[in-house]
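Secondary and tertiary structure notes
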Amino acid sequence: MDCFQTSPSRSWLYPTVILCLFGFFSMMRPSEPFLIPYLSGPDKNLTSTEMTNEIFPVWTYSYLVLLLPVFILTDYVRYKPVIILQGMSFIVTWLLLLFGRGVPAMQAVEFFYGMVTATEVAYYAYIYSVVSPEHYQRVSGYCRSVTLVAYTAASVLAQLLVSLAKISYFYLNVLSLASVSMAFLFSLFLPMPKKSMFFHATPSREVQKPSGTKAGSGEPREREAPACNEEQPASEIPTTSGNLGDGQLSGPKPKHVALRVFVQWCQDLKECYSSKQLFYWSLWWALSTAGFNQVLNYVQILWDDKAPSQNSFIYNGAVEAIATFGGAVAAFAVGYVRVSWALVGEMALTVFSMVNAGSLLLMHYTTDIWACYAGYLIFKSSYMLLITIAVFQIAVNLSVERYALVFGINTFVALVIQTIITIIVVDQRGLNLPVSIQFLVYGSYFAVIAGIFLMRSMYIIYSAKCQKKVQSSAVSQNPYGPHPEGPRNVIEGTKL
């Protein structure tokens, strides 16, 4: 489909529109909020135990196994084929949901849905290969916003169809199949990129010096090298910037392209994670994302346990719509908060992790479905708020290439943690706990996360006060001498 090209002056507009249409229709899945009522109803007649302990764990395992190979393949084949693969996986998933029968068929559904989530990286990475740097931030915002709008609209539509039109859950899945089929068709019209971040980097990128442009803003970066580790002087940091050429300039040149890319990845990741601030934000990201995905995977089963869908009216679609909208508003509002996240960020992680723990414990102990819904609204909004802050804190000083690497590794670590939780808590070869007890475990898990970052935040605040006292003492002893740099040194001195 390379014939679908536009003039260079508007080359970013066409792929952006097509990609946003793909994102909209791929997320316009009205059946998703009512998946458990569909599976437990007369169409599939699956039990809660089968869904919890035999079917849903397959998604976690397949996602983990597929993530790293797909992450590498995505860049190697230049994104578009992986987006097409995602569209095909969507179609197979919903065909199996509609016409498959029994536990093995539903396990196949979870495997292909694991393929869908693993290939999602191509959707967000594609824009960086076809859009010029000055449009990165705008186009990225469009792509993320359209998915939130589509998911919210799908949830509202599903609730209206179920509550007012009394439509069968089967036909909600028919609508989802039609929507993801449209997404697949739009993926065919995406222009094929001529470059990628790593394996097919352009010559200009391969010789790019650390003083490139900041991703998403077009503003010059004074020092690319210390972007990951600001605690070291520029002269002490290897001159790697996340691009192939910089790695070639700073060390031996492996002749094989793949080997050269992997060596560069290792160098960049080692340098990035040597920043304590980035390391701790990434740690929270991995721990919380593992818990968040686990909650999302099993929350509908909990709702069905509190208020069986066969015997009562359910409002899963409305709750999902409100939770997504509330989380988006919270994430948008945090952009207007002016605080020193380097100093109080860990305390915010502590407070909201406690909120997450409390909401999950509420969902465990309550017998009222509305209280359970309220706990979920608080949990999802809180997570979306904090993940926005975490992404900004990690990405603010990173190049696009380095951010992609850190994002991939953080996601992989989160999946490893989630897999361990699934094996121990959910899987029939582990503790095989019922869903209500699982949410007691998840609430305790977030309480542990809160405890970890409470200790970290107390240490940071204490260190900042000690550093301030030392500076004040130095000024009082030598009032006419050169003054320290003040706030900048206070913050940097608190990094572990």
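Because the structure is a prediction, the values reported are computed rather than measured.

In this structure the tally under the stated criterion is 6 salt bridges. Between Lys380 and Glu320 there is a salt bridge, with the nearest N and O atoms lying 3.3 Å from each other. Residue Lys380 is found in helix H17 (residues 369-395), and its partner Glu320 is found in helix H15 (residues 316-333); the two are separated by 60 residues along the sequence. In terms of burial, Lys380 and Glu320 fall into one category: buried.

Helical geometry note: an α-helix holds 3.6 residues per turn, so side chains three or four residues apart project in the same direction. For helix H14 (residues 276-306), built from 31 residues, the straight-helix expectation of 45 Å at 1.5 Å per residue is met to within 8% by its first-to-last C-alpha distance of 43 Å. Counting buried positions along H14 gives 25 out of 31 residues, so the element sits mostly inside the fold.

On to the packing of helix H9 (residues 136-163) against helix H10 (residues 169-187), then. Helices that pack against each other are described as a pair by the angle of their axes relative to one another and the distance between those axes. Two elements in contact, H9 and H10, have axes separated by 10 Å at closest approach and are oriented at 150°. Judged by the angle between their axes, H9 and H10 are roughly antiparallel. The crossing of H9 and H10 is right-handed. Residues Ala158, Leu161 and Val162 of H9 form the contact with H10, whose own contacting residues are Tyr169, Leu172 and Leu175.

Our next topic: the packing of aromatic side chains. For the structure shown, the criterion picks out 25 aromatic pairs. Judged by centre distance (5.4 Å) and plane angle (80°), the ring pair of Phe279 and Tyr280 falls under edge-to-face. In this structure Phe279 comes out as partly exposed when scored by relative accessible area, which is 36%. Three or more aromatic residues joined by ring pairs make a cluster, and in this case those are Trp284, Phe292, Phe379, Tyr383, Tyr445 and Phe446. Cation over ring: Arg144 sits above Tyr124, and NZ or CZ is 4.4 Å from the ring centre. The ring of Tyr280 carries the charged tip of Arg456 above its face, separated from the ring centre by 3.9 Å.

Contact geometry of H15 with H17 gives a least axis separation of 8 Å together with a crossing angle of 30°. By the angle class used here, H15 and H17 are roughly parallel. For H15 against H17, the interelement crossing comes out right-handed. Counting all contacts with H15, which are made through Asn316, Val319, Glu320, Ile322, Ala323, Thr324, Gly326, Gly327, Ala328, Ala330 and Ala331, the residues of H17 involved are Tyr373, Tyr376, Leu377, Lys380, Ser381, Met384, Leu385 and Thr388. Partitioned by chemical class, the residues of the contact of H15 with H17 number 11 nonpolar, 6 polar and 2 charged.

Phi angles above zero are rare outside glycine, and Tyr79 is one such case at about 70°. Inspection of the secondary structure assignment puts Tyr79 in the loop between helix H4 (57-76) and helix H5 (80-99). Taking relative accessible area as the criterion, Tyr79 reaches 2% and is therefore assigned buried. Not every positive phi belongs to a glycine, and Asn432 is a case in point at roughly 55°.

For the rest of this paragraph, the subject is the nonpolar core. Ranked by size, the top nonpolar core spans 83 residues in total, and within it Trp284, Trp303, Met363, Phe439 and Tyr442 carry the most contacts. For this core, the leading source of residues is H14, giving 14 residues. With near-sequence residues (within four places) excluded, Met363 lies in contact with Val299, Leu302, Trp303, Lys306, Cys372, Gly375, Tyr376 and Phe439. Residues Tyr79, Val139, Leu190 and Val261 belong to the second largest nonpolar core, which totals 44 residues.

Moving on to the side chain of Asn293. Take Asn293: it is sitting in helix H14. With a relative accessible area of 19%, Asn293 lands in the buried category. In contact with Asn293, not counting residues within four places along its chain, are Trp59 and Gln418.

On to the confidence of the model for the protein chain. Per-residue pLDDT for the protein chain averages 82, and the proportion of residues at 70 or more is 82%. Of the regions scoring below 50 in pLDDT, residues 1-9 engages in 12 contacts with residues more than four places distant in sequence or in other chains. In the model, residues 204-254 has pLDDT below 50 throughout and makes 115 contacts with residues more than four positions away in sequence or in other chains.

Once that is clear, we can look at the state of the cysteines. Counting across every chain of the model gives 0 disulfides. Just so you know, Cys20 is unpaired, no disulfide at all, and the nearest cysteine sulfur is the one on Cys143, 4.2 Å from it.

So, about the environment of Tyr126. By the secondary structure assignment, Tyr126 is in the loop between helix H7 (120-125) and helix H8 (127-130). Given a relative accessible area of 0%, Tyr126 falls into the buried group. For the pair Tyr126 and Thr16, spaced 110 residues apart in the sequence, the C-alpha separation amounts to 9.7 Å. Discounting residues that sit within four places of it in the chain, Tyr126 has contacts with Pro15, Leu19, Tyr79, Lys80, Ile83, Leu190, Pro191 and Pro193.

Turning our eyes to something else, we now look at the environment of Lys380. Residue Lys380 is classed as buried on the basis of its relative accessible area, which comes to 7%. Sequence-wise, Lys380 and Gly327 are 53 residues apart; in three dimensions their C-alpha atoms are separated by 6.5 Å. Excluding residues that lie within four positions of it along the chain, Lys380 makes contacts with Tyr151, Phe292, Glu320, Ala323 and Thr324. There is a polar contact of 3.2 Å between the side chain of Lys380 and the side chain of Thr324.

With 15 residues, helix H1 (residues 13-27) extends 21 Å from end C-alpha to end C-alpha; this agrees with the ideal 21 Å at 1.5 Å per step. The complete set of buried residues in H1 reads Pro15, Thr16, Ile18, Leu19, Cys20, Phe22, Gly23, Ser26 and Met27. If you follow the buried residues of H1, they end up packed against H5, H7, H8, H9 and H10.

Note that Asp304 resides in helix H14. Each C-alpha atom, one on Asp304 and one on Ile314, is 8.8 Å from the other, the two residues being 10 residues apart in sequence. When neighbours within four sequence positions are excluded, Asp304 is seen to be in contact with Ile36, Ser40 and Ser309. A polar contact is formed between the side chain of Asp304 and the side chain of Ser309, at a distance of 3.0 Å.

Calculation notes
- Residues numbered from 1 in each chain as written.
- Predicted model: local features only at pLDDT ≥ 70, side-chain atom pairs only at ≥ 80, totals over all residues.
- Heavy atoms only, no water.
- Salt bridge = Lys/Arg side-chain N within 4 Å of Asp/Glu carboxyl O.
- Helix = DSSP H or I, 4+ residues; strand = E, 2+ residues; numbered from the N terminus.
- Buried < 20%, exposed > 50% of the residue type's maximum accessible area, 1.4 Å probe, protein only.
- Expected span 1.5 Å × (residues − 1).
- Axes fitted to C-alpha atoms, helices over the stretch in contact; angles between N-to-C directions.
- Parallel < 35°, antiparallel > 145°, perpendicular 65-115°, else oblique.
- Left-handed = near helix turned anticlockwise from the far one by under 90°.
- Contact = heavy atoms within 4.5 Å.
- Phe/Tyr/Trp six-rings, centres within 6.5 Å; stacked < 30°, edge-to-face > 60°.
- Lys NZ or Arg CZ within 6 Å of the ring centre and 35° of its normal.
- Nonpolar A, V, L, I, M, F, W, Y, C, P; charged D, E, K, R; others polar.
- Core = buried A, V, L, I, M, F, W, Y, C linked by side-chain atoms within 4.5 Å.
- pLDDT = per-residue confidence, 0-100.
- Disulfide = S-S within 2.5 Å.
- Polar contact = N/O pair within 3.5 Å; in protein donor to acceptor, adjacent residues only side chain to side chain.

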